[in-house]
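# Breakdown of the fold
What follows is each chain in one-letter form.
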Amino acid sequence: MSAAVPGLDRPQVVSHAQQSLSYTLFDCKWVPRSARLLCLGSAARGTGVVQLYELRAARLELLREIEKSKPIKCGTFGATSLQQRYLATGDFDGNLNIWNLEAPEIPVYSVKGHKEIINSIDGVGGLGIGEGAPEIVTGSRDGTVKVWDPRQKDTPVANMEPVQGESKRDCWTVAFGNAYNQEERVVCAGYDNGDIKLFDLKTMSLRWETNIKNGVCSVEFDRKDINMNKLVATSLEGKFHVFDMRTQHPTKGFASVSEKAQKSTIWQVRHLPQNRDIFMTSGGSGSLHLWKYEYPAQRSKKDSEGAEMGVAGSVSLLQNVTLSTQPISSLDWSPDKKGLCVCGAFDQTVRVLIVTKLNKM
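Residues numbered from 1 in each chain as written. Predicted model: local features only at pLDDT ≥ 70, side-chain atom pairs only at ≥ 80, totals over all residues. Heavy atoms only, no water.

### Quick look at a positive patch on the surface
Our working rule: In this analysis, a patch consists of residues with relative accessible area above 30% that form no salt bridge, clustered at 9 Å for like charges and at 5 Å for the nonpolar side chains Val, Leu, Ile, Met, Phe, Trp and Tyr. For the area figures, the Shrake-Rupley method with a 1.4 Å probe applies, and any residue is considered shielded solely by the protein chains shown. The salt bridge criterion pairs a side-chain nitrogen of Lys or Arg with a carboxyl oxygen of Asp or Glu, the two atoms within 4 Å. His is not counted, nor are the chain ends, whereas Lys and Arg count as positive and Asp and Glu as negative. Working definition for charges: the position is that of NZ of Lys, CZ of Arg, CG of Asp or CD of Glu. Each helix is a run of DSSP H or I of at least 4 residues and each strand a run of E of at least 2, with the numbering of both proceeding from the N terminus. Relative accessibility thresholds used throughout: buried, under 20% of the residue-type maximum; exposed, over 50%; partly exposed, between the two (1.4 Å probe, protein chains only).
On the surface, a cluster of positive charge is made up of K213, K239, K260 and K263. Its place among the elements puts K213 in the loop between β17 (205-211) and β18 (216-221). On the basis of relative accessibility, which here comes to 72%, the residue K213 falls in the exposed class.

### Section: the UniProt feature "repeat: WD" (unreviewed entry) in the protein chain
The condition that has to hold: UniProt positions are given in the numbering used here, feature names are shortened, and annotations may be inferred rather than shown by experiment.
The UniProt record marks residues 136-149 with the feature "repeat: WD" (unreviewed entry), using the residue numbering of this structure. Along residues 136-149 one finds 0% helix and 64% strand; the C-alpha atoms at either end are 6 Å apart.

### Observations concerning the sheet that holds β18
Applicable threshold: By this definition, two strands are paired if DSSP reports at least two bridges between them. Only C-alpha atoms enter the line fits that serve as axes; for helices the fit covers just the stretch in contact. Angles between N-to-C directions range over 0 to 180 degrees.
The sheet built from four strands is open, its strands ordered β18-β19-β20-β21 with antiparallel pairing. The open sheet has two free edges, formed respectively by β18 and β21 (253-260), since each of these has just one partner strand. If you compare each strand with its neighbour and ignore which way they point, the axes differ by 20° on average. Bridge analysis of β18 against strand β19 (residues 230-235) gives five bridges, and the strand direction is antiparallel. From the neighbouring strand, F221 faces β19, where its bridge partner is L231.

### Notes on the packing of aromatic side chains
The way to describe two aromatic rings as a pair is by their centre distance and the angle between their planes. This is how it is decided: Paired rings are identified among Phe, Tyr and Trp, the last through its six-membered ring, by centres lying within 6.5 Å, and are further divided according to the angle between planes into stacked (under 30 degrees), edge-to-face (over 60) and tilted (the rest).
Enumeration over the complete set of coordinates arrives at seven aromatic pairs. Judged by centre distance (4.9 Å) and plane angle (85°), the rings of W208 and F254 are edge-to-face. Of this pair, W208 sits in strand β17 while F254 is found in strand β21, placing the two residues 46 residues apart along the sequence. Classification of F254 as buried rests on a relative accessible area of 6%. Look at W267 and F346: their rings are 5.2 Å apart centre to centre, the planes differ by 85°, and that puts the pair in the edge-to-face class. On the criterion of sequence distance, the pair formed by W267 in strand β22 (residues 266-272) and F346 in the loop between β29 (340-345) and β30 (349-355) is long-range, its members being 79 residues apart. What makes W267 partly exposed here is its relative accessible area of 28%.

### Some words on the sheet that holds strand β10 (residues 118-124)
Spatial ordering of the open sheet is given by β10-β11-β12-β13, a layout of four strands whose pairing is antiparallel. The sheet is open, and its two borders are formed by β10 and β13 (158-160), each paired with just one other strand. Going across the sheet, the axis of each strand differs from the next one's by a mean of 15°, ignoring polarity. Pairing of β10 with strand β11 (residues 135-140) involves six bridges; the strand directions are antiparallel. For I118, the partnering residue across the bridge sits in β11 and is S140.

### A few points about the environment of Q152
Quick note on the threshold: Between two residues, a contact is recorded if the distance between any of their heavy atoms is within 4.5 Å. Here a polar contact means two N or O atoms within 3.5 Å. Within protein one must be a hydrogen donor candidate and the other an acceptor candidate, and residues neighboring in sequence count only if both atoms are side-chain atoms.
Here Q152 is to be found in the loop between β12 (145-148) and β13. Judged by its relative accessible area of 31%, Q152 is partly exposed. Considering only alpha carbons, one finds Q152 and Y109, 43 residues apart in sequence, at a separation of 9.7 Å. When near neighbours in sequence (up to four residues on either side) are disregarded, Q152 contacts Y109 and V157. A distance of 3.0 Å separates the side chain of Q152 from the backbone oxygen of T155, its partner in a polar contact.

### Here's the deal with the environment of H16
On the secondary structure map, H16 appears in strand β1 (residues 13-20). Taking the C-alpha atoms as reference, H16 lies 35 Å from Y180; in sequence the two are 164 residues apart. Among residues more than four places away in sequence, those in contact with H16 are L55, A57, A58, V352, L353 and I354. Among the polar contacts made by the side chain of H16, one reaches the main-chain carbonyl oxygen of A57 at a distance of 2.9 Å.

### Quick notes on the pairing of strand β16 (residues 195-200)
Counted residue by residue, β16 has six buried out of six residues, so it is predominantly covered. Residues D195, K197 and F199 of β16 are buried on one face, and the alternating residues I196, L198 and D200, pointing to the opposite face, are buried as well. The antiparallel pairing of strand β15 (residues 186-191) with β16 creates a hairpin that spans three residues between the two strands, and G194 there sits at a positive phi of about 95°. Pairing of β16 with β17, which is carried by six bridges, proceeds in the antiparallel orientation. Paired with F199 across the two strands is L206, which belongs to β17. Connecting β16 to the antiparallel partner β17 that follows it, the hairpin turn spans four residues, and M204 within it adopts a positive phi of roughly 50°.

In structure tokens form, the structure reads like this:
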């Protein structure tokens, strides 16, 4: 069940700056340790666009625009150092490229990662966050999920693909988690048929799978660099599921709570970097919903056989706002300034938002 927070103390979502674009925007990202953000997308003539903006007072100033041969679908800074701040991108042709934004003419790393479009990308081990190697995961329409170490050329360090005879599903979303020491790391992937698969990179095996009956648009752990805690998965039909990842039951898997947020697709979920129990979802109706997860009194209990099983908590709606008549397809919190957020919509507009009162939550 969800309960609304009383009006006075509720966070407000304030539109701070916005910029109209002349191309289709697929992803937007804050550049770490800066007031800058990136917009990634596809120009009308079928080329890729990277635009770098700086937030100056209440306006966005374009610093540079870079054109690439293929439309760019997704990007991450997650596997880079704070000194370099290299951007990894996945494009419509299945290429994984890593760019130095100071000298973006030629990628510093490039690999033909997939046979078809890379729908989703995530990085871990960089930005001074978490343990272990800097790695990038890509999920593609070709049905495979691959993990790359930029220090290793051409071949992925892990390749999760359908087993012989299993049908190939379009992978829509990927995310790293459980990277709390040098050895442990998982990848979660969501597919067009509602499958969610959790791959353990330490044992190179499928650790858990479930199906939420509708295409999985976005998955994200509340934090990548801790013992697995919570995972949110959003779906095509306006529902999201929060899985408690602390306790895995031998047959029932992970406990979860689901919430019908709206009638339309939930495109994205992003947790507040400074508070892992607060997250935002973006919707097909051009709206954003801000949620808070409440833990149960006890997070696990024993079943009749004596096996530990998780207990799901509850979700409350803190605030919602409609910004656009078109779907909001990308969303990113500033890692440095609490409550600063950027989102991109199919109305070809990028918006910078400020969410207030998050300290009180």
